[in-house]
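Now for the letters of each chain:
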Amino acid sequence: MITFQGVSVVHPNGVTALRDLDLKIEKGDFLFIVGPTGSGKSTILKLIYREEVCTAGRIIVAGKEITGMARRQIPYLRRGVGVVFQDFKLLPQRTAWDNVAFALHVIGVGKAEVKRQVAKVLDNVGLLHKADALPTELSAGEQQRICIARAVVNNPVILVADEPTGNLDPDTSWDIVQLLSRINVKGTTVVMATHDRHIVDRMRKRVVALQDGRLVRDEDKGAYVCEL
Amino acid sequence: MSSKIRLGYFLSETASNLRYNGLMTLASIGTVTVSMLVLGAFLLFNLNLKSTINEVSSKTRVCVYLKAGAPAGEVDVLKRMVEGLDGVRKVYYVSVDEARARLKQDMSGQADLGQIVDTVPLPASLEIEMADTSKITSVTSVIKGQPAIDEIHYGEDVVTTLNLIRRIVQIGGLGAIIILCIVTAFVIANTIRLTVFARRKEIRIMQLVGATDWFIKWPFIMEGIFHGLVGSLLAVGIAAAGYTWLANNWPLTFIFPLAYDEQTLLHISIALITGGMLVGAFGSFSSVRKFLRTVLV
Ligand SMILES: Nc1ncnc2c1ncn2[C@@H]1O[C@H](COP(=O)(O)OP(=O)(O)OP(=O)(O)O)[C@@H](O)[C@H]1O
Ligand SMILES: [Mg+2]
């Protein structure tokens, strides 16, 4: 589903964010990316939805080489990759419903279809009853659910989450990860960067650890820190 | 992907963009109005200059004096040849008798001169009325070589000076208009940039969920076009009112009346509106395009 081959990212200011990374993520995987701050976790995620470009190597996403992708093709790549952030990025003047519907509107989905899909996805994240609430009227956990709903309303094949539980208390964090896990079970490949040791240790999923932009560990059913 | 949904979306986006920053919107509409007024004034001035030149030209006739005793057949051929030249409207043949009659009429107050007029030798001539005075030199240069011709006279100086003024006004005006349009596009671009900035979060999310650049750009471009449309409509209104007033209050002491050709005035209005919308489209397009390019790769 996602392949990194010898990927390096060197920023114009000389900072090397990733060094010669090889990584293969299969369809239906649930993968944690861990590592200290500045180790390159967000960089990997941004490369997947092409917010950043690599300075060396190749990246293949959903069977498509995106390394030299033309700018006008990027929107179509992103329609297949849902993105969730630590800081939610909801539009404050729009209701929960409108925030989710927005994601379909702007890619040209028809009204009736938008209505159907939004109702379905809000029900899936358990917030159909809060459809008319503004983001300020929602708890942090609820806001993150709306973000996840927005990310998956278009049925993407990949879901990328950058510290989605970074602003949440442990219980809410666990609920959010469970939600991601349910989405994963339905077939969506999930890649999640996190600092949350408890979640990683409890989930027992594949763990990729980074250090200074280098891959230092890649374990199935791994833990937050190396257990050997 | 029905186009109806898209149109509705664009219109509502444009409407809400307009609400975002009223003052800047007024500023950019005002700049369009000013530029289009200048453009309008220029076009009107040019129109009047052109009609004045035509007026002067139709009164300016080129007098081609014929040699005494030039055969009638040769003169006739020459007349037909001149009629065929580019820029010539009409050619009149003035016989010796007619010339004398004219002279007599001119001097009708001075009765005692009548005798003299009868005895003065007068040449026959061809009088050329020009349709386009800028062609005057080429016409005369063709005629000069003809054997039947004695001398050529015309109001050379006035005509060439007017044409020169018109050329200078055209070039200078065009330059000024180009500069004004660039400034206007710049002001609109700045206004649109504010709207774009106010909506940067939405734009960012649109990009993240896979909206195409054009989908994102359209509402902003429509906004720019709308500024251009409103601004130029205002300019047309002001120019029409001002020009009508001028035409009605034109001092009679002036030699020439204001040109008031409705067809041309309509064309000028259309030119202003089209110009305003184009400038608006261009300004907003460059602004939003630049923004999209700097935000993401
Ligand atoms: N636009 C940029 N320009 C220059 N350097 C950058 C840029 N973005 C990231 N970096 C650098 O690249 C490195 C990796 O950044 P990245 O955001 O991937 O880290 P991270 O693992 O996500 O960290 P955190 O856990 O704090 O989110 C860091 O050293 C960072 O300073
Ligand atoms: Mg990060």
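Details of the structure are given in the entry above.
Residues numbered from 1 in each chain as written. Chains lettered and ligands numbered in written order. Predicted model: local features only at pLDDT ≥ 70, side-chain atom pairs only at ≥ 80, totals over all residues. Heavy atoms only, no water.

Moving on, we get to the overall build of chain B. The secondary structure content of chain B amounts to ten helices and four strands. Along chain B, from the amino end to the carboxyl end, the secondary structure elements read α-α-β-α-β-α-α-β-α-β-α-α-α-α. Every one of the 297 residues in chain B was classed for burial, and the buried ones make up 39%. (Helix = DSSP H or I, 4+ residues; strand = E, 2+ residues; numbered from the N terminus. Buried < 20%, exposed > 50% of the residue type's maximum accessible area, 1.4 Å probe, protein only.)

So, about the site of ligand 1. Residue and element names in this part refer to chain A. As a matter of local geometry, ligand 1 sits amid 14 residues, with Thr-37, Lys-41, Ser-42, Thr-43 and His-195 nearest to it. One nitrogen or oxygen atom from the main chain of Gly-38 is found 2.8 Å from an oxygen atom belonging to ligand 1. Here Gly-40 contributes a backbone N or O atom positioned 3.0 Å from an oxygen atom of ligand 1. Protein chains shield 65% of the accessible area of ligand 1, which is 640 Å² for the free molecule. Looking at the shell around ligand 1, the element that brings in the most residues is helix H1 (residues 41-48), giving three residues. In terms of residue class, the shell around ligand 1 is built from three nonpolar, nine polar and two charged. (Near = heavy atom within 4 Å. Polar contact = N/O pair within 3.5 Å; in protein donor to acceptor, adjacent residues only side chain to side chain. Areas by Shrake-Rupley, 256 points an atom, 1.4 Å probe, with all protein chains shown as cover. Nonpolar A, V, L, I, M, F, W, Y, C, P; charged D, E, K, R; others polar.)

On to the nonpolar core, then. Within the largest apolar cluster, 87 residues are counted, with the highest numbers of intra-cluster contacts made by Phe-32, Val-100, Val-106, Val-118, Leu-122, Ile-146 and Leu-159 of chain A. Per-element accounting of this core gives the leading share, nine residues, to helix H2 (residues 22-59) of chain B. When neighbours within four sequence positions are excluded, Leu-122 of chain A is seen to be in contact with Trp-97, Val-100, Leu-127, Leu-128, Ala-131, Ile-146 and Ala-149 of chain A. (Core = buried A, V, L, I, M, F, W, Y, C linked by side-chain atoms within 4.5 Å. Contact = heavy atoms within 4.5 Å.)

Attention now goes to the pattern of salt bridges. This structure, assessed with the given rule, holds 15 salt bridges over all chains. With a closest N to O distance of 2.4 Å, Arg-94 of chain A and Glu-202 of chain B form a salt bridge. One end of the pair, Arg-94 of chain A, is in the loop between strand S6 (81-85) and helix H3 (96-105); the other, Glu-202 of chain B, is in helix H8 (residues 200-208), on a second chain. Arg-94 of chain A gets classed as partly exposed once you look at its relative accessible area, which sits at 22%. (Salt bridge = Lys/Arg side-chain N within 4 Å of Asp/Glu carboxyl O.)

What follows concerns the interface of chain A and chain B. Taken together, the contact between chain A and chain B spans 24 residues of the former and 24 residues of the latter. Across the interface of chain A and chain B, roughly 2,200 Å² is buried in total on both sides, 60% from carbon and sulfur atoms. It is Arg-71, Arg-78 and Val-106 of chain A in chain A that bury the most area against chain B; as a group they hold 30% of the surface buried on that side. At the junction of chain A with chain B, the criterion picks out three salt bridges. The interface formed by chain A and chain B holds five residue pairs in polar contact (both at pLDDT 80 or more) in total. Taken together, the elements giving at least two residues each to the side of chain A that touches chain B come down to helix H2 (74-78) and H3 of chain A. When residues of the side of chain A that touches chain B are assigned to their parent elements, the largest contribution, four residues, is made by H2 of chain A. (Buried area = accessible area lost by both parts, 1.4 Å probe.)

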